[in-house]
There are 2 protein chains.
Amino acid sequence: MKKLDKITPQNEDFSRWYTDVVKQGQLMEYGPVKGTIVFKPNSYGIWENIQMEFNKVIRSKGVKNVYLPVLIPLSYIEKEKDHVKGFAPELATITKVGDKELNEYSVIRPTSEVLFGELFAKEVNSYNDLPIMYNQWANVLRWEKTTNPFLRTSEFLWQEGHTTHATAIEARKLSRTMIKEYAKFLEKYLAIPTIVGKKTPKEKFAGAVTTYTIEAMMKDGKALQSGTSHYLGQNFAKAFNISFQNKDNKQELAYQTSWGVSTRLIGAIIMTHGDDRGIIIPPRVAPTQIDIIEVFGHKHENVHTAAVELQKTLGRKWRVNLDASSKGPGFKAGQSEIQGTPLRIEVGPRDLEEGIVTLVRRDTLEKIQMPIDEVKKQIKPLLDDIHNNLLTSAKARLEEKTIYTESYEEFKSIFKDDKNLKFVIVPFAGNDKDEEMIKRETLASTRCLPFKFEKPGRRKCIITGQLTNRFVVFAKAY
Amino acid sequence: MKKLDKITPQNEDFSRWYTDVVKQGQLMEYGPVKGTIVFKPNSYGIWENIQMEFNKVIRSKGVKNVYLPVLIPLSYIEKEKDHVKGFAPELATITKVGDKELNEYSVIRPTSEVLFGELFAKEVNSYNDLPIMYNQWANVLRWEKTTNPFLRTSEFLWQEGHTTHATAIEARKLSRTMIKEYAKFLEKYLAIPTIVGKKTPKEKFAGAVTTYTIEAMMKDGKALQSGTSHYLGQNFAKAFNISFQNKDNKQELAYQTSWGVSTRLIGAIIMTHGDDRGIIIPPRVAPTQIDIIEVFGHKHENVHTAAVELQKTLGRKWRVNLDASSKGPGFKAGQSEIQGTPLRIEVGPRDLEEGIVTLVRRDTLEKIQMPIDEVKKQIKPLLDDIHNNLLTSAKARLEEKTIYTESYEEFKSIFKDDKNLKFVIVPFAGNDKDEEMIKRETLASTRCLPFKFEKPGRRKCIITGQLTNRFVVFAKAY
């Protein structure tokens, strides 16, 4: 039994706070290969719940789950030129099996457009076969220079949807539908509001025509790209010859999309909701929704009996954990808090004499006493309220810390240090080089051209000075 | 729309039958790297259902799901000597990232004992921490010389359970519990009976003290090892220094188990239940449990309306697919059969005039007409009956084709060709070399020392002639 260590306060050093809570919150351990991590039950459980819920979204769209190989021949990756340029330096390459050098090298998939491309080429013959819509849950690997648990790891887990359509309109529409589904999903299950928009050409996916993104704001004011959806046009169809006979009996190249969210979402949860006591996991994806804590249950049999009974009752509907150990109640409460369980129920001998127990909300730390028989029907409203409260706080922060300016001076002042970071919307008509220059000067990058932004009419670009109707969100980003 | 090709009859050539049905049953495509395959929705769906149901077993045992890295430093694998000897020639090795040679080579996990070993070493301090029981669902890779879809692929999907205990008795008990859980699971969900037993030293897992196995019999009389559970003793605890303070305040090395089933089970399903019309998927894991087929629904609106209504009603509880296309009903029925959907419902214009529909069982091909309003309540009994019928047939075959002999001549006659293969139980006291000799002479290998076998007392070993109480199942195996 290890003692709980001190957590660095968020205000003192946000990144040290993050490192402290991911370890002490029983979320992960570092793996032996650089940039890899072990997902422990308290983080893998979040991912399992995300999978379970997002599979419902996927099914409702008619998308089917499949699984494609982890190994891609190096020669395949090279077929789409932008694609290979984007990924080449990060590719883990298998050159040997046992002692034997391979004739053809393979890489661990950094993403699977090329294998889906080959699969679609086999399956698509006529417009009658389309659309074909697949998704896979898989591990992918991109060798990263600097890594950070959940946020940027060499290996990560994700879902990648890949669809093929008979028309550009249908494909583009699906790619926009999916980014909106992601935004809805993050609000409904992770209590995370996002800004939905389109990436600038510089920031789009290697091989895409258009990339859509959802950008979440972390508690330190930095952005976390939390999901992307790509309209691929005919780029991969060209490279892999995915063609079909269209309604006019002519051969046509198909139109494609791909879209994904990853275990990065676990990082988003931590940095959106966590506080100085540890992480806070939103109830709908929490591996443990309720911690039942026996207060000296090893000395009071009625405490133990009542706690076990409560676990049985609540366990039928909720994910419940009972701590019946002989550890002190303060230690148990601290552990529940640092691990982010949204609700805990303390069953103590004195309370029990009056037939009551104490519920403690992880978000507000509010203590609520109630008759033990009342608990069952109070769980749903309480967990819903915790979810709503987390979402409301996060929304308020996103709103408060998103500003509009037309002055590059003000822009620079916001990013001059990390004390008061914001999302900054500006009129911007610049190109890749202008984006690079801004990043050099301020460390801020373009996040997206937001879908929902009431445009004030044509305004002067903060860099080029030309009149523009293009408004872009900038932020420092993870 | 591709025409259905002819399937090679099982009696003519079982292995060609297998190749035909895995392709035409919409189960897989070959991947570009040797020995890899694409799991299409009709096979990946089976795996998802296995995951869903087996997770319940795992949870009921107190085992928690985690996820460990896909990359293992080569130096780690080398820490347990038997282990590396077993896996070295099959290890896919990453030597480069982009253009850069790595200082330390890594391999794609062939199994994860070594990474779990390192994790346990971090987590185990005192007997109070034990047992720790983890499981992961993951892809693993072993470079195989000869491959066969689902049965033996370079990359495959599996679950691997890894547990650490304070005593040898507890660990050994858990490893036996899990092999029995596998046997129960295969009967209950896959309708596959197995012989449960212990492997001979020659056939045990590289690094284990004891390996338990479940062996299923395929329709051609060959064995398929379908799940294994290993008692690892202190072998990995030694290599990774997993030690704890025991109740006597002394440091002691922990005792471990590991156990797994893989996507090989999909191969087991195909070769246990399939017939000359295609595969038959047991109802409890079938991605589609019911195919609703419109008979000329594009010409008869009432057919389409009734079929959609039926899909809605049944879809609340079952996994239902509606084929409303304009393809001919015979083609649709053939497709449903080849893809192994356990039950199909044909909704036709003439039947509908009388308010009835036709149900067709995939296992018996029996046609059952009933009022459309009756269907809903008949599904569960019908699917259960299909499951039971599949299991009963498979059990009868296993029983009929398992024989006991004390004559090596009879033994050899059974394995002289592949026409009438059996499981053969014999008194056998031989060693590794005797097993090798038998394999050379007959191609049969030891499958296990069965738990449930009424021993006839000490008998002469068929090879060494010495009296023995050891009885071993031999078979040709996949």
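Computed from a predicted model, the values in this text were never measured in an experiment. (Residues numbered from 1 in each chain as written. Chains lettered and ligands numbered in written order. Predicted model: local features only at pLDDT ≥ 70, side-chain atom pairs only at ≥ 80, totals over all residues. Heavy atoms only, no water.)

J.: Could you give an account of the overall build of chain A, naming the residues involved and the relevant values?
T.: Looking only at helices and strands, chain A has 14 helices and 25 strands in total. Taking 2.2 N^0.38 as the reference for a compact globule, 478 residues should give roughly 23 Å; the C-alpha atoms of chain A span a radius of gyration of 25 Å, in line with that estimate. For chain A, the C-alpha atoms occupy an extent of roughly 80 × 55 × 50 Å along the three principal directions. Burial status across chain A gives 61% buried among its 478 residues. Of all intrachain contacts in chain A linking residues separated by at least 6 positions in sequence, the fraction that spans at least 24 positions is 68%. With an accessible surface of roughly 19800 Å², chain A has 47% of that area assigned to carbon and sulfur atoms. (Helix = DSSP H or I, 4+ residues; strand = E, 2+ residues; numbered from the N terminus. Rg over C-alpha atoms; globule rule 2.2 N^0.38 Å. Buried < 20%, exposed > 50% of the residue type's maximum accessible area, 1.4 Å probe, protein only. Contact = heavy atoms within 4.5 Å. Areas by Shrake-Rupley, 256 points an atom, 1.4 Å probe, with all protein chains shown as cover.)

J.: Describe the domain arrangement of chain A, and please don't skip the residues or the numbers.
T.: Each assigned domain of chain A is listed with its residue range as follows: domain 1 (14-273), domain 2 (290-387) and domain 3 (405-475). Using C-alpha coordinates to define each centre, domain 2 of chain A is positioned 48 Å away from domain 3 of chain A. (Domains from an automatic or database assignment.)

J.: Tell me about the sheet that holds strand 19 (residues 367-371) of chain A, residues and numbers included.
T.: Residue and element names in this part refer to chain A. As summarised here, the arrangement of the five strands in space is 16-15-17-18-19, forming an open sheet in which the pairing is mixed. The strands lining the two open edges of the sheet, one partner per strand, are strand 16 (320-323) and strand 19. Strand-to-strand twist across the sheet, computed as the mean angle between neighbouring axes with direction ignored, equals 25°. Relative to strand 16, strand 15 (residues 290-294) runs parallel, the two being bridged by four bridges. Looking at the pairing, I293 lines up with D323 of strand 16. (Pairing = 2+ DSSP bridges. Axes fitted to C-alpha atoms, helices over the stretch in contact; angles between N-to-C directions.)

J.: Now, about the sheet that holds strand 20 (residues 402-404) of chain B: what can you tell me, with residues and values included?
T.: Residue and element names in this part refer to chain B. Pairing is mixed in the open sheet, where eleven strands are placed in the order 3-7-8-14-11-10-9-22-25-21-20. Each of the sheet's edge strands pairs with one partner strand only, and the pair in question is strand 3 (64-65) and strand 20. Two elements, strand 20 and strand 21 (residues 423-427), share three bridges in a ladder whose sense is parallel. Paired with Y404 across the strands is I425, a residue of strand 21. Contacts from helix 5 (residues 113-123) reach strand 7 (132-141), strand 8 (155-165), strand 11 (223-233) and strand 14 (255-262), with the element oriented near 150° to strand 7.

J.: A description of the environment of T446 of chain A should follow, citing residues and the corresponding values.
T.: All names here are of chain A. Among the structural elements, T446 can be located in strand 22 (residues 445-450). Sequence separation between T446 and F471 is 25 residues, and the spatial gap between their C-alpha atoms is 10 Å. Setting aside its immediate chain neighbours within four residues, T446 contacts K199, T200, E203, F428, E435, V472, V473 and F474. Polar side-chain contacts of T446 include one of 3.3 Å to the side chain of T200. (Polar contact = N/O pair within 3.5 Å; in protein donor to acceptor, adjacent residues only side chain to side chain.)

J.: An account of the interface of chain A and chain B is requested, with residue identities and associated values reported.
T.: Taken together, the 56 residues of chain A in the interface contact 56 residues of chain B. Taking both partners together, chain A and chain B bury about 4400 Å²; carbon and sulfur atoms supply 63% of that area. Inspection of the chain A/chain B interface yields four salt bridges. E123 of chain B is the partner of K40 of chain A in a salt bridge, and the nearest nitrogen-oxygen pair spans 2.6 Å. Where chain A touches chain B, the interface holds 22 residue pairs in polar contact (both at pLDDT 80 or more). If you tally residues by element for the side of chain A that touches chain B, the top one is strand 5 (residues 92-97) of chain A, at six residues. Residues of the side of chain A that touches chain B, tallied by class, amount to 33 nonpolar, ten polar and 13 charged. (Buried area = accessible area lost by both parts, 1.4 Å probe. Salt bridge = Lys/Arg side-chain N within 4 Å of Asp/Glu carboxyl O. Nonpolar A, V, L, I, M, F, W, Y, C, P; charged D, E, K, R; others polar.)

J.: Describe the side chain of E346 of chain B, with residues and values.
T.: Position of E346 of chain B relative to the elements: it lies in strand 17 (residues 343-347). Setting aside its immediate chain neighbours within four residues, E346 of chain B contacts I293, V295, A333, V357, T358, V360 and K367 of chain B.

J.: Explain the relation of the copies chain A and chain B to me, using residue names and the numbers behind them.
T.: The two copies are related by a screw operation: chain A maps onto chain B through 180° of rotation and 0.0 Å of translation along the axis, at an RMSD of 0.0 Å. Interpreted geometrically, this transformation is the action of a two-fold axis. Relative to the rotation axis, the closest C-alpha in chain A is found at I94 of chain A, a distance of 2.2 Å. Of all interface residues in chain A, 100% are interface residues in chain B too; the two copies therefore contact each other through one and the same surface. (Least-squares fit on C-alpha atoms with pLDDT ≥ 70 in both.)

J.: With reference to specific residues and values, describe the packing of helix 1 (residues 14-24) of chain A against helix 8 (residues 264-273) of chain A.
T.: Residue and element names in this part refer to chain A. It is the contact of helix 1 with helix 8, at a shortest axis distance of 11 Å, that shows an interaxial angle of 120°. Relative to helix 8, helix 1 is oriented so that their crossing is right-handed. Between helix 1 and helix 8, the residues in contact are F14, W17, Y18, V21 and V22 and G267, I270 and M271, respectively. Looking at the contact of helix 1 with helix 8 residue by residue, the class counts come to seven nonpolar, one polar and no charged. (Left-handed = near helix turned anticlockwise from the far one by under 90°.)

J.: A description of the environment of L151 of chain B should follow, citing residues and the corresponding values.
T.: Residues and elements named next belong to chain B. Within the fold, L151 resides in the loop between strand 7 and strand 8. A relative accessible area of 6% places L151 in the buried class. Here the alpha-carbon distance between L151 and L265, two residues 114 residues apart in the chain, equals 7.9 Å. Each residue touching L151, except ones within four places of it in the same chain, is listed here: Y18, L224, R264, G267, M271 and Y478.

J.: Give me the lowdown on the packing of aromatic side chains, citing residues and values where you can.
T.: Inspection of the entire model under this criterion finds 42 aromatic pairs over all chains. Considering the side-chain rings of Y404 of chain B and F453 of chain B, the 5.8 Å spacing of their centres and the 35° angle between planes classify their relative orientation as tilted. One end of the pair, Y404 of chain B, is in strand 20; the other, F453 of chain B, is in the loop between strand 22 (445-450) and strand 23 (459-460), and 49 residues separate them in sequence. Every member of this aromatic cluster is reached through a ring pair, and the members are Y408, F411, F415, F428 and F474 of chain A. (Phe/Tyr/Trp six-rings, centres within 6.5 Å; stacked < 30°, edge-to-face > 60°.)

J.: Please give an account of the nonpolar core that cites residues and values.
T.: Membership of the largest hydrophobic core comes to 128 residues, with the highest contact counts inside it found for I108, F150 and I270 of chain A together with I108, F150 and I270 of chain B. Apart from the residues within four sequence positions on either side, I108 of chain B is in contact with L71, I94 and I108 of chain A together with V70, L71, A92, I94 and L141 of chain B. Judged by nonpolar contacts, the second largest core, of 30 residues, contains V84, F87, L91 and L115 of chain B. (Core = buried A, V, L, I, M, F, W, Y, C linked by side-chain atoms within 4.5 Å.)

J.: Provide a residue-level description of the pattern of salt bridges, including the pertinent values.
T.: Taken as a whole and assessed by the stated rule, the structure comprises 54 salt bridges over all chains. Here D384 of chain A makes a salt bridge to R284 of chain A, at a shortest N to O gap of 3.0 Å. With D384 of chain A in helix 12 (residues 375-400) and R284 of chain A in the loop between helix 8 and strand 15, the pair connects residues that are 100 residues apart, well separated along the chain. The salt bridge involving E203 of chain B is made with K202 of chain B; its shortest N-O contact spans 3.4 Å. Owing to a relative accessible area of 23%, E203 of chain B belongs among the partly exposed residues under this scheme.

J.: Got a sec to walk through the confidence of the model for chain A? Specific residues and values, please.
T.: With 99% of its residues at a pLDDT of at least 70, chain A reaches an overall mean of 96. This prediction of the complex comes with two scores: 0.96 for pTM and 0.96 for ipTM. (pLDDT = per-residue confidence, 0-100.)

J.: So what's going on with the packing of helix 2 (residues 41-60) of chain A against helix 8 of chain A? Which residues, and what values?
T.: The relative placement of two packed helices comes down to the angle between their axes together with the axis-to-axis distance. Residue and element names in this part refer to chain A. Across the interface, helix 2 lies against helix 8 with an axial gap of 10 Å and an inter-helix angle of 110°. Classified by the interaxial angle, the pair formed by helix 2 and helix 8 is roughly perpendicular. Considering how the two elements wind past one another, helix 2 and helix 8 form a crossing that is right-handed. Contacts between helix 2 and helix 8 pair S43, I46, W47 and I50 from the former with L265, I266 and I269 from the latter. Here the contact of helix 2 with helix 8 is built from residues that sort into six nonpolar, one polar and no charged. (Parallel < 35°, antiparallel > 145°, perpendicular 65-115°, else oblique.)

J.: Describe the environment of G221 of chain A, naming the residues involved and giving the relevant values.
T.: Residues and elements named next belong to chain A. Looking at the secondary structure, you find G221 in the loop between strand 10 (210-217) and strand 11 (223-233). Using a relative accessible area of 1% as the deciding quantity, one classes G221 as buried. With 201 residues separating them in the primary sequence, G221 and K422 have C-alpha atoms 5.2 Å apart. Beyond its immediate sequence surroundings of up to four residues, G221 is in contact with K401, L421, K422 and F423.

J.: For helix 14 (residues 432-442) of chain A, give the residues involved together with the corresponding values.
T.: Residues and elements named next belong to chain A. Listed in full, the buried residues belonging to helix 14 are D434, E435, M437, I438 and T442. The buried side chains of helix 14 occupy one side of the element, clustering within an arc of 160° when seen end-on. For helix 14, the exposed residues set more than 90 degrees away from the buried face come down to K433 and R440. Downstream of helix 14 by a residue or two, L443 has a phi angle that is positive, lying close to 70°. (Arc of directions from axis to C-beta.)

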